[in-house]
Amino acid sequence: MHGKWWQEAVVYQLYPRSFMDSNGDGIGDLPGVLAQLDYLQWLGVTVIWLCPIFRSPNDDNGYDIADYRAIMDEFGTMADFDRLMAETRRRGMRIILDLVVNHTSDEHPWFIASRSRRDDPKRDWYIWRDGRNGGPPNNWESIFRGPAWQYDAGTDQYFLHLFTARQPDLNWENAEVRDAICDMVRWWMDKGVDGFRIDAITHMKKAPGLPDAPAGDGHGPVPAYDFHMNVDGVLDYVDTLAREAFSHGDIMTVGEANGIGADEAEPWVGASRGRLSMILQFEHWHLWSGDPRAGLDLCKLKRILSHWQNALEGVGWNALYLENHDLPRVLSRWGDPLQHRHASATALATMYFLMQGTPFIYQGQELGMANTVFHSLDDFDDVFARQRIVEMRANGMADDDILEEMALTARDNSRTPMPWNDGLNAGFTTGTPWLPLNPDYPQVNVAQQQTDPGSVLGYYRRMIALRASEPALVFGRYRLLLADDPQLYAYTRSLDDTTFLVVCNLSARAARYRHDGFNLEYAACMLANRPLLPHPPCNAFDLRPFEARVYRIGPAPA
Ligand code: GLC
Ligand code: CA
């Protein structure tokens, strides 16, 4: 499992709408990204994942594509993209695109044709069915709430949409659809892009016959994940993509893989399978789904992440991440932005970043950004948030309670504009930002942290450099220590005769690290998020709240 360029990569996930606005319309754009490439190079990241940049009516901020071969008007032109790609290359970095092919926008010409007549040649490119008893064809609920079917009066049938009603699902059973998508993917590869993050990849196959999900009370739509997520046969579509497109170049492919457990991952990312480079699994952040107020269950987190590390050792490769544009900020969930912002942001970073796999950083994470502040339900922009609010109101929840719940869980938390400095609109735009800035930007911004090596940003930069210089931190075998310790996340990474010890106190209380296996007397501390307190040369030491240390301890213990 050595020798692929993307194994050594560090990926920066960039949400173009919120990264940098170049023309004062309040919306980030490609020239804005170009203007900040030096920042990304300085940070040390090597791959930029651009969230969707294609033409889109923005019902779901670009995850609803109306033209796969054109740039979104607000983001610029194809010439802007070509320039961005050339300048990224020139700085030794690469670009991967967000491939959204489970569905398109309802404004895509394919869908416009498909809905025009029942006998249109593109009718079967989407999933159309007759209604049943005056209602939708089955009882499936959309992932974004409400029924997964939309009635179309023009042709008196329903079409399937697993996300919003403006994101109709493509019919992957249809060979013409598969050909058209692979053709488009090759077109981008010919342009020189270095890979793709494939959106909602586990949803491309629907259960044959589209059967009802077991109904709760028999009324209204019900969650139907078993019938549209990781359904038998979905890997055939991944094979088509891999065979007809991905394999035509030396690219990096990352599947967004809700529903795949560690034990099911090998068929997706096993090196011998030739399908995907890695997948973004959901298990660790599903720890959040139950009670958004519950803190971190560290032992469960260790079990989940270690299971992934062990399952793929020697057979496949992990994608490592804590944040993305669909999640609130991890600092607000598992860290402590009020008492321990710096320490908890850097301890969480150390914990996930030095495991085996390719680490991803979501924009702003490297500054230790926290959730933003919402004053009313009108402050939510995201279509999913707005649909959840409708649902909660329909269930009789009071607006104040909804606001509290949404403030903790909404995707808008991580979509606020990037704070570049403490000036007007944090330097993001000279106009009115499309989404208000996080009000803490005067304290949390790039300019202030870039000149301070002790900042969260400075720490990320050192951590990236350390990983880049130590093959053991990229390829080394992972071993969990102290599985039952409720405060410490500790593990080793070993390659040949080099071993690294990573110890992170993920609690707001002091903790004692004690391990029989190592003598730390001659160990070198390579990274620490707080000034080291002298400790006697032995195999135990104390860690302050959210303290993290990385030691190089030489030969691996037997
Ligand atoms: C993925 C994206 C999310 C989007 C959804 C529908 O989960 O990450 O942002 O809303 O797919 O495309
Ligand atoms: Ca703009």
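1. Notes on the coordination of the calcium ion (ligand 2)
Then step 1. Only Asp21 (OD), Asn23 (OD1), Asp25 (OD), Ile27 (O) and Asp29 (OD) from the protein coordinate the calcium ion (ligand 2), and they sit 2.3 Å from it.
Then step 2. Summarised as a motif, the one-chain spacing of the donors to the calcium ion (ligand 2) is D-x1-N-x1-D-x1-I-x1-D.
Then step 3. We classify Asp25 as partly exposed; its relative accessible area is 36%.
Then step 4. Overall, the relative accessible area of 2% leaves Asp29 in the buried class.

2. Points about the site of ligand 1
Then step 1. Near ligand 1 lie 13 residues; those nearest to it are Asp60, Asp199, Glu256, His325 and Asp326.
Then step 2. One nitrogen or oxygen atom from the side chain of His103 is found 2.9 Å from an oxygen atom belonging to ligand 1.
Then step 3. Between ligand 1 and Arg197 there is a distance of 3.0 Å, counted from an oxygen atom to a side-chain nitrogen or oxygen.
Then step 4. In isolation ligand 1 offers 300 Å² of accessible surface; the protein chains occlude 95% of this area.
Then step 5. Of the residues contributing to the shell around ligand 1, the split by class is three nonpolar, three polar and seven charged.

3. Details of the domain arrangement of the protein
Then step 1. Partitioning the protein into domains gives domain 1 (5–104 + 175–373 + 414–464), domain 2 (109–160), domain 3 (375–409) and domain 4 (476–553).
Then step 2. The interface is formed by 28 residues belonging to domain 1 together with 27 residues belonging to domain 4.
Then step 3. Carbon and sulfur atoms make up 67% of the surface buried where domain 1 meets domain 4, a total of about 2100 Å² over both sides.
Then step 4. Per-residue buried area on domain 1 facing domain 4 is highest for Leu298, Lys302 and Leu354; these three make up 24% of the total on that side.
Then step 5. Taken together, domain 1 and domain 4 are joined by one salt bridge.
Then step 6. The interface formed by domain 1 and domain 4 includes twelve residue pairs in polar contact (both at pLDDT 80 or more).
Then step 7. Elements with a minimum of two residues in the side of domain 1 that touches domain 4: helix H9 (298–312), helix H11 (341–353) and helix H15 (456–469).
Then step 8. Considered class by class, the residues forming the side of domain 1 that touches domain 4 number 14 nonpolar, ten polar and four charged.

4. Describing the environment of Arg17
Then step 1. Mapping Arg17 onto the fold places it in the loop between strand E1 (11–14) and helix H1 (30–35).
Then step 2. The buried category is assigned to Arg17, whose relative accessible area is 11%.
Then step 3. C-alpha separation for the pair Arg17 and Leu30, spaced 13 residues apart in sequence, amounts to 9.1 Å.
Then step 4. Once residues within four sequence positions are removed from consideration, Arg17 is found in contact with Ile27, Gly28, Asn58, Asn61, Met72, Phe75, Phe428 and Trp434.

5. What to know about the pairing of strand E16 (residues 498–505)
Then step 1. Taken across its eight residues, E16 has eight buried, putting it largely inside the fold.
Then step 2. Judged by which residues are buried, E16 turns out to be covered on both faces: Thr498, Phe500, Val502 and Cys504 on one side and Thr499, Leu501, Val503 and Asn505 on the other are all buried.
Then step 3. Between the end of strand E15 (residues 488–495) and the start of E16, which pair antiparallel, lie two residues, with Asp496 showing a positive phi angle near 50 degrees.
Then step 4. Of the pairings in the sheet, the one linking E16 to strand E20 (residues 548–552) comprises five bridges and is antiparallel in character.

6. A few points about the sheet that holds strand E11 (residues 278–280)
Then step 1. Ordered in space as E11-E10-E9-E5-E2-E1-E13-E12, the eight strands form an open sheet in which the pairing is parallel. In this open sheet, the two edge strands, each paired with only one partner strand, are E11 and strand E12 (319–320).
Then step 2. Judged from the three bridges that link them, strand E5 (residues 94–99) and strand E9 (residues 195–198) form a sheet pairing that is parallel. Following the sheet pairing, Asp98 is matched in E9 by Arg197.
Then step 3. Contacts from helix H3 (residues 78–90) reach strand E2 (47–50) and E5, with the element oriented near 135 degrees to E5.

Rules and cut-offs
Residues numbered from 1 in each chain as written. Chains lettered and ligands numbered in written order. Predicted model: local features only at pLDDT ≥ 70, side-chain atom pairs only at ≥ 80, totals over all residues. Heavy atoms only, no water. Donors = N, O, S within 2.8 Å, 3.2 Å for Na, K, Ca; no water. Buried < 20%, exposed > 50% of the residue type's maximum accessible area, 1.4 Å probe, protein only. Near = heavy atom within 4 Å. Polar contact = N/O pair within 3.5 Å; in protein donor to acceptor, adjacent residues only side chain to side chain. Areas by Shrake-Rupley, 256 points an atom, 1.4 Å probe, with all protein chains shown as cover. Nonpolar A, V, L, I, M, F, W, Y, C, P; charged D, E, K, R; others polar. Domains from an automatic or database assignment. Contact = heavy atoms within 4.5 Å. Buried area = accessible area lost by both parts, 1.4 Å probe. Salt bridge = Lys/Arg side-chain N within 4 Å of Asp/Glu carboxyl O. Helix = DSSP H or I, 4+ residues; strand = E, 2+ residues; numbered from the N terminus. Pairing = 2+ DSSP bridges. Axes fitted to C-alpha atoms, helices over the stretch in contact; angles between N-to-C directions.

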